[in-house]
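Understanding the architecture of this molecule
Residue-level listing of the chains:
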Amino acid sequence: MHDRAWQVPEEAFAAAWNGAGSLAEAADRVKALAGGKQVSRWAVLARAAALRKAGRPMKELRPASAA
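Described in the following lines is the structure provided in the data block. (Residues numbered from 1 in each chain as written. Predicted model: local features only at pLDDT ≥ 70, side-chain atom pairs only at ≥ 80, totals over all residues. Heavy atoms only, no water.)

So, about the overall build of the protein chain. Helix and strand content of the protein chain: four helices and zero strands. Mapped from its N terminus to its C terminus, the protein chain presents α and β elements in the order α-α-α-α. Across the 67 residues of the protein chain, 34% fall into the buried class. At a minimum sequence separation of 6, the contacts of the protein chain that also span at least 24 residues come to 64%. (Helix = DSSP H or I, 4+ residues; strand = E, 2+ residues; numbered from the N terminus. Buried < 20%, exposed > 50% of the residue type's maximum accessible area, 1.4 Å probe, protein only. Contact = heavy atoms within 4.5 Å.)

This is how it looks when you write it as structure tokens:
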């Protein structure tokens, strides 16, 4: 389950992340891209952090309850 966030192509992952309004929404979008299979929020967050560290622009997302 944890590597499914990394199986989604980088461009699609970044578009899903940057188009989401919360971490929960981003995880749902990545789940859809992963064929509907469960993707943990922490794995989605970890991949976004790795892409950000590599220099890719990734918007800041907060949990839905922190809005």
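Phe13, Trp17, Ala26, Val30, Val39, Val44 and Met58 are the most contacted members of the largest nonpolar core, which has 19 residues in total. Excluding anything up to four places from it in sequence, alanine 26 contacts Trp17, Ala20, Val44 and Leu61. (Core = buried A, V, L, I, M, F, W, Y, C linked by side-chain atoms within 4.5 Å.)

What helix α2 (residues 10-19) keeps buried is the set Phe13, Ala14, Ala16 and Trp17. With its buried residues spanning 165° around the axis, α2 presents them on a single face. (Arc of directions from axis to C-beta.)

What follows concerns the packing of α2 against helix α4 (residues 41-53). At a minimum axis separation of 11 Å, α2 and α4 run at an interaxial angle of 105°. The pairing of α2 with α4 is recorded here as roughly perpendicular in orientation. Two secondary-structure elements touch here, α2 through Glu10, Phe13 and Trp17 and α4 through Val44, Leu45, Arg47, Ala48, Leu51 and Arg52. Per-class residue counts for the contact of α2 with α4 are six nonpolar, no polar and three charged. (Axes fitted to C-alpha atoms, helices over the stretch in contact; angles between N-to-C directions. Parallel < 35°, antiparallel > 145°, perpendicular 65-115°, else oblique. Nonpolar A, V, L, I, M, F, W, Y, C, P; charged D, E, K, R; others polar.)

All we've got here are geometric facts, nothing functional implied.
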